[in-house]
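Report on the structure
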Amino acid sequence: VDQDISDRKKMEKALRHHRKYLSDLVQERTEELETANAALRAEIKERGRVEKALQESRHQYQQLLALARAGIYEYDMVRQRLTTVNEYMCTYTGYERGELMALNSLQLMTPNSQKKFIERQRRLALGEEVSDAVVYEVVRKDGQRIWGLLSTALVVEDNQPLKASSLPTTSPNG
């Protein structure tokens, strides 16, 4: 009987020890989770702030496009398509927005300007420096030819140009 009582006391002591160990472990893990949860809440709050700022920036950009008294467009250099054009750009070329967006940019240029454009694209693809401004002769929808000076800002990733944002201005004779 004494042996049973002694064994039982040892087991109770071991059980108390394990309970304390588990309680400490639960407490430690709870603190870790609370810390991680607080960090996630802070990240979510920061992401919300950044998303709001991005929305405001997009809204301002859309207003700039709509109100600008100059043609503004963005060109996807991978797909070789216009991705954004403002109303003034439509007026400049004589095309409706949908028509303009469906065209390959080469269709807007004379043969000599097409060659210049292709050479410029080749040089960009090779990572060579090119001027931010270039003159092209543009063919409007009505067939009228006009010279345009394009001031361009490139978006480059991994040394490859992906997108160009341009502001064309017209010139009577290039």
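What counts and how
- Residues numbered from 1 in each chain as written.
- Predicted model: local features only at pLDDT ≥ 70, side-chain atom pairs only at ≥ 80, totals over all residues.
- Heavy atoms only, no water.
- Helix = DSSP H or I, 4+ residues; strand = E, 2+ residues; numbered from the N terminus.
- Rg over C-alpha atoms; globule rule 2.2 N^0.38 Å.
- Buried < 20%, exposed > 50% of the residue type's maximum accessible area, 1.4 Å probe, protein only.
- Contact = heavy atoms within 4.5 Å.
- Lys, Arg positive; Asp, Glu negative; His and termini not counted.
- Charge placed at Lys NZ, Arg CZ, Asp CG, Glu CD.
- Salt bridge = Lys/Arg side-chain N within 4 Å of Asp/Glu carboxyl O.
- pLDDT = per-residue confidence, 0-100.
- Pairing = 2+ DSSP bridges.
- Core = buried A, V, L, I, M, F, W, Y, C linked by side-chain atoms within 4.5 Å.

Let's talk about the overall build of the chain
- Scanning the chain from terminus to terminus reveals 4 helices and 5 strands.
- Reading the chain from its N end, one meets helices and strands in the order α-β-β-α-α-α-β-β-β.
- What you see for the chain is a C-alpha radius of gyration of 33 Å, clearly larger than the 16 Å of a compact globule of 174 residues, by over 25%.
- Scored against the burial criterion, the 174 residues of the chain give a buried share of 25%.
- Contacts in the chain between residues far apart in sequence, at least 24 positions, make up 38% of those at least 6 positions apart.
- The chain carries 27 positive and 26 negative side-chain charges, and their two centres are separated by 2 Å.

Topic: the pattern of salt bridges
- Tallied over the entire structure, the rule returns 12 salt bridges.
- Between Arg79 and Asp76 there is a salt bridge whose closest N-O contact spans 3.4 Å.
- A relative accessible area of 54% means that Arg79 is categorised as exposed.
- We classify Asp76 as buried; its relative accessible area is 16%.
- We note a salt bridge from Glu128 to Arg123, for which the minimum N-O separation is 3.0 Å.
- Since its relative accessible area comes to 29%, Arg123 is described here as partly exposed.
- Salt bridges sharing partners connect three or more residues here, namely Glu28, Arg29 and Glu32.

Quick look at the confidence of the model for the chain
- Summarising the model, the chain shows a mean pLDDT of 87, and 91% of its residues fall at 70 or more.
- For the chain, per-element mean pLDDT is lowest for strand E5 (residues 160-171), which scores 66, and highest for helix H3 (residues 97-102), which scores 93.

A closer look at the environment of His17
- On the secondary structure map, His17 appears in helix H1 (residues 2-67).
- Along the chain, His17 and Tyr75 lie 58 residues apart, while their C-alpha atoms are 70 Å from each other.

Describing the pairing of strand E3 (residues 133-139)
- Of the pairings in the sheet, the one linking E3 to strand E4 (residues 145-157) comprises 7 bridges and is antiparallel in character. When the bridges of E4 are listed, Ala133 appears paired with Ser151.
- As consecutive antiparallel partners, E3 and E4 are separated by 5 residues, and within that stretch Gly143 has a phi angle of approximately 90°, a positive value.

A look at the nonpolar core
- By size, the foremost hydrophobic cluster in this structure holds 22 residues, and its most contacted members are Tyr73, Tyr75, Leu82, Val85, Leu100 and Leu108.
- Among the secondary structure elements, those contributing two or more residues to this core are strand E1 (73-76), strand E2 (81-85), helix H2 (87-93), helix H4 (111-125), E3 and E4.
- Those residues in contact with Leu108, other than ones at most four positions away along the chain, are Leu82, Tyr95, Leu100, Leu103, Glu137, Val138 and Val139.

Considering the pairing of E2
- Of the pairings in the sheet, the one linking E1 to E2 comprises 4 bridges and is antiparallel in character. Considered in E2, the bridge of Glu74 is made with Thr84.
- From the end of E1 to the start of E2, which pair antiparallel, there are 4 residues, and Gln80 there has a positive phi angle of about 55°.

Digging into unusual backbone geometry
- For Gln80, which is not a glycine, the phi torsion comes out positive at approximately 55°.
- Within the element layout of this structure, Gln80 appears in the loop between E1 and E2.
- According to the relative accessible area criterion, Gln80 is partly exposed, its value standing at 33%.

Remarks on the side chain of Ser113
- Its location among the elements puts Ser113 in helix H4.
- In this view, Ser113 contacts Tyr136 and Glu137; residues no more than four positions away in its chain are not counted.

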